[in-house]
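A structural walkthrough
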Amino acid sequence: MQAMEWNKLLSDKRFGMEAYHDKTRHERTDFQRDYDRLIFSAPFRRLQNKTQVFPLPGSIFVHNRLTHSLEVACVGRSLGDIVGRALYKLHGEEQSSAFLEMGAIVSAACLAHDLGNPPFGHSGENAIATYFSEGNGMALMKSLEDKDLRSSDFTHFEGNANSLRLLTHQFKGRRKGGFAMTYSTLASIVKYPYASLLSGPKGKFGFFASEEEGFKQIAEDLGILCLSEEPLKFARYPLVYLVEAADDICYQVMDIEDAYKLKLISTKDCMDLFLNFFPPEKRPRMLQIMDMVDDVNEKIAYLRSSVIGLLIAECCNVFLDKEQAILEGNFGGSLIQDIGERARLAYKECGKVACANIYRSKDVLDVELAGYRIITFLLDCLLDAVNSPEKSYSKLLMERIPDQYEIKSGDDYTKILSIVDYISGMTDVYALDLYKKITGMNLPSL
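Worth saying up front: this structure is predicted, and the values here are computed from it rather than measured.

1. Quick word on the nonpolar core
Of all hydrophobic cores here, the largest spans 143 residues; its most connected members are Phe132, Phe277 and Leu311. When residues in this core are grouped by element, the largest group, 13 residues, is from helix α12 (residues 240–261). Setting aside chain neighbours within four positions, we find Phe132 in contact with Gly137, Met138, Met141, Phe154, Thr155, Leu379, Leu383, Ile416 and Val420.

Here you go:
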């Protein structure tokens, strides 16, 4: 049976900089440079002002997209290091010494996995998709469908696909290849390696039509299995499973801790949820360690770190056990779904509590409602300005859009995508501020 090969999958070739491959050597590896490049980038800094789940913190600090991404990168590094060392022992010399760099690859991809998410959390994604599938953007989609099939990029807007675009697209005035990341890091970000036409009821896909050729180039070079040419569909790149596991571990566990800090669940409930991950015979020792400190927050932090450590070990075991199926493109689902029964049931229980007490809490719903209104309004105004540039008001609005976005040239698809680029790159505060200024609710100081 056809299978992907590690010696091709782990490549430090840089997207858009292929001509310079192997010409420049650095003390840091190319995968470490990917990580550093992301840390110092403007899109990464903007994550500090993008909602994760809860509204941006006031007196009690909870997670935003930046802190979440840093934590996911930390867990991802551990997953990559553990799996990489194990694979190196199994067949490192006959395959690739880059196994020892897997921690750096996975951690860099983890840093970037949410870069394409719009303001106001996942409700921002839904707001953009809903605008084009149910709202005023439907007319634009009808016009687009008459010319090509790319409307599904908008009606199923997906932050993961937008992350790949942000990292690889040559925005006006920028260098070829965007961030010029390594092929392996870029492939590790794409959770759903297929075109939007295959997004299905969940609306998940990995690249816009504008990035199809770029991802196809990356996939062919790395030897990622192609499952379908039309519409384009690939097997998952193996390290995607580790990036996904790091995200799954962090958001579920950290959301429970945030809920405790915000008093959405009790201290006892939080402790019980975390202790459920461990067998009864281990719990007395854990309680004994907790009794060594009086601070309840420290007790919770100890349990949280213990759960994360357990889940890292469990997910690594699943990956190594399913390595061949992963390389053959036959492993379905996620690593977290295949962990041991006790941990899997405890994880599911955390999910149930999160849905009941966290994701539907009043403050979270208020952010979603506001986000829908703000994003819908901005899309209405900016798309109308681009489509009717002769209007005086349109000219004023277009002056507000940075030069890097291609709103004055290109076809309808490119113009719509450029407005989505602009809005999805906004922080929560920037989007709210622009909304207030356009509506006249707020004016610069005179």
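What follows continues from the structure just given.
2. Observations concerning helix α11 (residues 212–222)
Every buried residue of α11 is accounted for by Gly214, Phe215, Ile218, Ala219 and Leu222. In an axial view of α11, the angular spread of the buried residues amounts to 130°, which keeps them on one side of the axis. Exposed residues lying more than 90 degrees from the buried face of α11 are Glu213 and Glu220. On its buried face, α11 sits against α1 (6–9), α9 (159–168), α10 (183–189) and β2 (233–234).

3. Here's the deal with the packing of α12 against helix α17 (residues 341–357)
The interhelical angle for the contact between α12 and α17, taken along N-to-C directions, is 55°, at an axis separation of 10 Å. Between α12 and α17, the crossing angle belongs to the class labelled oblique. Considering the relative orientation of α12 and α17, their crossing is left-handed. Contacts between α12 and α17 involve Asp248, Ile249, Tyr251, Gln252 and Ile256 on the former and, on the latter, Tyr347, Cys350, Gly351, Val353 and Ala354. Looking at the contact of α12 with α17 residue by residue, the class counts come to seven nonpolar, two polar and one charged.

4. With respect to the packing of aromatic side chains
Applying the stated rule across the entire model yields 14 aromatic pairs. For the ring pair Phe171 and Tyr405, a centre distance of 6.0 Å and an interplane angle of 80° mean the geometry is edge-to-face. Within this pair, whereas Phe171 is found in the loop between α9 and α10, its partner Tyr405 is found in the loop between α19 (392–399) and α20 (412–424), the two being separated by 234 residues in sequence. Plain terms: the ring middles of Phe215 and Phe234 are 5.5 Å apart, the flat faces sit at 75° to each other, and that makes the pair edge-to-face. Here Phe215, found in helix α11, pairs with Phe234, found in strand β2; they are 19 residues apart in sequence, far enough to count as distant. Neither residue differs from the other here; Phe215 and Phe234 are each classed as buried. Its end group placed over the ring of Tyr413, Arg150 keeps NZ or CZ at 4.0 Å from the ring centre. The lysine or arginine in question, Lys233, covers the ring of Tyr194, its NZ or CZ lying 5.9 Å from the ring centre.

5. A short note on the environment of Ala219
Following the sequence through the fold, Ala219 ends up in helix α11. Counting along the chain gives 19 residues from Ala219 to Gly200, while the straight-line C-alpha distance between them is 22 Å. Setting aside anything within four residues of it in sequence, one finds Ala219 in contact with Ile224 and Phe234.

6. Some points on the environment of Gln32
For Gln32, the position within the fold is in helix α2 (residues 30–39). Each C-alpha atom, one on Gln32 and one on Ala108, is 7.6 Å from the other, the two residues being 76 residues apart in sequence. What Gln32 contacts, discounting residues up to four positions off in sequence, is Glu101 and Ala104. Engagement of the side chain of Gln32 in a polar contact is seen with the backbone nitrogen of Thr29, the distance being 3.0 Å.

Reading guide: rules and limits
Residues numbered from 1 in each chain as written. Predicted model: local features only at pLDDT ≥ 70, side-chain atom pairs only at ≥ 80, totals over all residues. Heavy atoms only, no water. Core = buried A, V, L, I, M, F, W, Y, C linked by side-chain atoms within 4.5 Å. Buried < 20%, exposed > 50% of the residue type's maximum accessible area, 1.4 Å probe, protein only. Helix = DSSP H or I, 4+ residues; strand = E, 2+ residues; numbered from the N terminus. Contact = heavy atoms within 4.5 Å. Arc of directions from axis to C-beta. Axes fitted to C-alpha atoms, helices over the stretch in contact; angles between N-to-C directions. Parallel < 35°, antiparallel > 145°, perpendicular 65-115°, else oblique. Left-handed = near helix turned anticlockwise from the far one by under 90°. Nonpolar A, V, L, I, M, F, W, Y, C, P; charged D, E, K, R; others polar. Phe/Tyr/Trp six-rings, centres within 6.5 Å; stacked < 30°, edge-to-face > 60°. Lys NZ or Arg CZ within 6 Å of the ring centre and 35° of its normal. Polar contact = N/O pair within 3.5 Å; in protein donor to acceptor, adjacent residues only side chain to side chain.

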